[in-house]
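An overview of the molecular structure
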Amino acid sequence: MWEQKWVIGNWKMNGRLQNNNALMHRFRILPPVDRVVIGLAAPTVYLLQLHNAMQIVLGNRILTCAQDVSRFAGNGAYTGEVSAEMMADVGVNIVLIGHSERSLYFGEKNEIQRQKMENVLNVGLIPLLCVGESLEEREAGHAQDVIAHQLSILKGLDTKKIVVAYEPVWAIGTGKVATTEQIAEMHTFIYKQILSLCGDDVKIRVLYGGSVNANNAADIFAVPCVDGALVGGASLSYDSFTAIINAAQES
């Protein structure tokens, strides 16, 4: 798992019971892919449906991922919140933390993201930390400073397995993709930061996210230090998502 490419689909606020079932049904014909870890992040209300469907269709060959988790642990009077314990209870394997849309629309910063990371680790799930800079920050020459600040929440975590997705905010859902040179530079920087924060013995996966699709996936996977992709809109289409998976398998 820690040597394979990872392809994680993020449905965001999309999905309906019938459409989800139709998509899961198509995955029955997915050929074996021994070089790729596959996951799908569904809205919370569909996580159990996704998990059960994947168990029946593929025997957990596709991991169940959550798009977010509460900063509060266990149980309590936190109306509307879903704890890491609840995520584990319905079969979640991986939890996205700190997606730029959570920061943009809900004001979540490092302190909250750190709490969520700890909660996820405490119940034995894998947190996937999302980092990325805005166009203004990149053009001002602050991209690496921004990423270093976002990664700083990893320091002192009780884990030696770190998964990060680099998603330049200016490339999410815009159709714009960072150049291979920009991706290589930032992924190399992220690797160095994680090693500095977590020690030389840490296992690392750094994924790229930002308008990844069937046409550009192979080029992105060929970039040094790119260990996979966090896929947005393309993960809602079986053909597009499996094309990305196949590109990872062949990389």
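Residues numbered from 1 in each chain as written. Predicted model: local features only at pLDDT ≥ 70, side-chain atom pairs only at ≥ 80, totals over all residues. Heavy atoms only, no water.

The name given to the chain in an unreviewed UniProt entry is Triosephosphate isomerase, with the source organism recorded as Neisseria animaloris. According to the UniProt record, the Subunit (unreviewed entry) comment for the chain is "Homodimer." UniProt annotates the chain under Catalytic activity (unreviewed entry) with the comment "D-glyceraldehyde 3-phosphate = dihydroxyacetone phosphate". (UniProt positions renumbered as here; feature names shortened; annotations may be inferred.)

**What about the layout of surface pockets?**
Volume-wise, the largest pocket comes out at about 690 Å³. Lining the largest pocket are 28 residues; nearest its centre among them are T44, Q67, D68, R102 and F106. Those elements that place two or more of their residues in the lining of the largest pocket are α4 (100-106) and α5 (110-122). Here the lining of the largest pocket gets four residues from one element, more than from any other, and that element is α4. (1 Å grid on protein atoms, 1.4 Å probe; cavity = no way out; pocket = protein on both sides within 12 Å on 5 of 7 lines; lining within 4 Å. Points joined across faces, edges and corners; volume = space filled by probe spheres on them. Helix = DSSP H or I, 4+ residues; strand = E, 2+ residues; numbered from the N terminus.)

**Quick notes on the packing of aromatic side chains**
Scanning all chains against the criterion turns up five aromatic pairs. Relative to F241, the ring of F27 has its centre 6.4 Å away and its plane inclined at 85 degrees; by these criteria the two rings are edge-to-face. Separated by 214 residues along the polypeptide, F27 in the loop between α1 (17-26) and β2 (36-42) and F241 in helix α10 (residues 238-250) bring together distant segments of the chain. These aromatic residues form a ring-pair network of at least three members: F27, Y238 and F241. The cationic tip of R102 hangs over the ring face of F106; the distance from NZ or CZ to the ring centre is 3.9 Å. (Phe/Tyr/Trp six-rings, centres within 6.5 Å; stacked < 30°, edge-to-face > 60°. Lys NZ or Arg CZ within 6 Å of the ring centre and 35° of its normal.)

**Digging into the pattern of salt bridges**
If you walk through the whole model with that rule in mind, you get 10 salt bridges. For D68, the salt bridge identified is with K116, shortest N-O distance 2.8 Å. A residue pair is termed long-range when its members are at least 10 positions apart, and D68 in the loop between β3 (62-66) and α3 (84-89) and K116 in helix α5 qualify at 48 residues. Across the pair, exposure class does not vary: D68 and K116 are buried alike. (Salt bridge = Lys/Arg side-chain N within 4 Å of Asp/Glu carboxyl O. Buried < 20%, exposed > 50% of the residue type's maximum accessible area, 1.4 Å probe, protein only.)

**Focus on the UniProt feature "binding site: substrate" (unreviewed entry) in the chain**
Look at the UniProt record and you will see "binding site: substrate" (unreviewed entry) annotated at N10, W11, K12, G173, S211, G232 and G233. In three dimensions, the annotated residues from a span of 224 residues occupy one location, with a maximal C-alpha spread of 13.6 Å. Annotated residues from the preceding list that form part of the lining of the largest pocket: these are N10 and K12. Tracing the backbone shows G173 in the loop between β6 (161-166) and α8 (180-198). A relative accessible area of 75% places G173 in the exposed class. Among the secondary structure elements, S211 is positioned in the loop between β7 (203-209) and α9 (217-221). Discounting residues that sit within four places of it in the chain, S211 has contacts with A171, I172, G173, T174, G175, K176, V177 and N216. A distance of 2.8 Å separates a polar atom in the side chain of S211 from the backbone oxygen of A171. (Contact = heavy atoms within 4.5 Å. Polar contact = N/O pair within 3.5 Å; in protein donor to acceptor, adjacent residues only side chain to side chain.)

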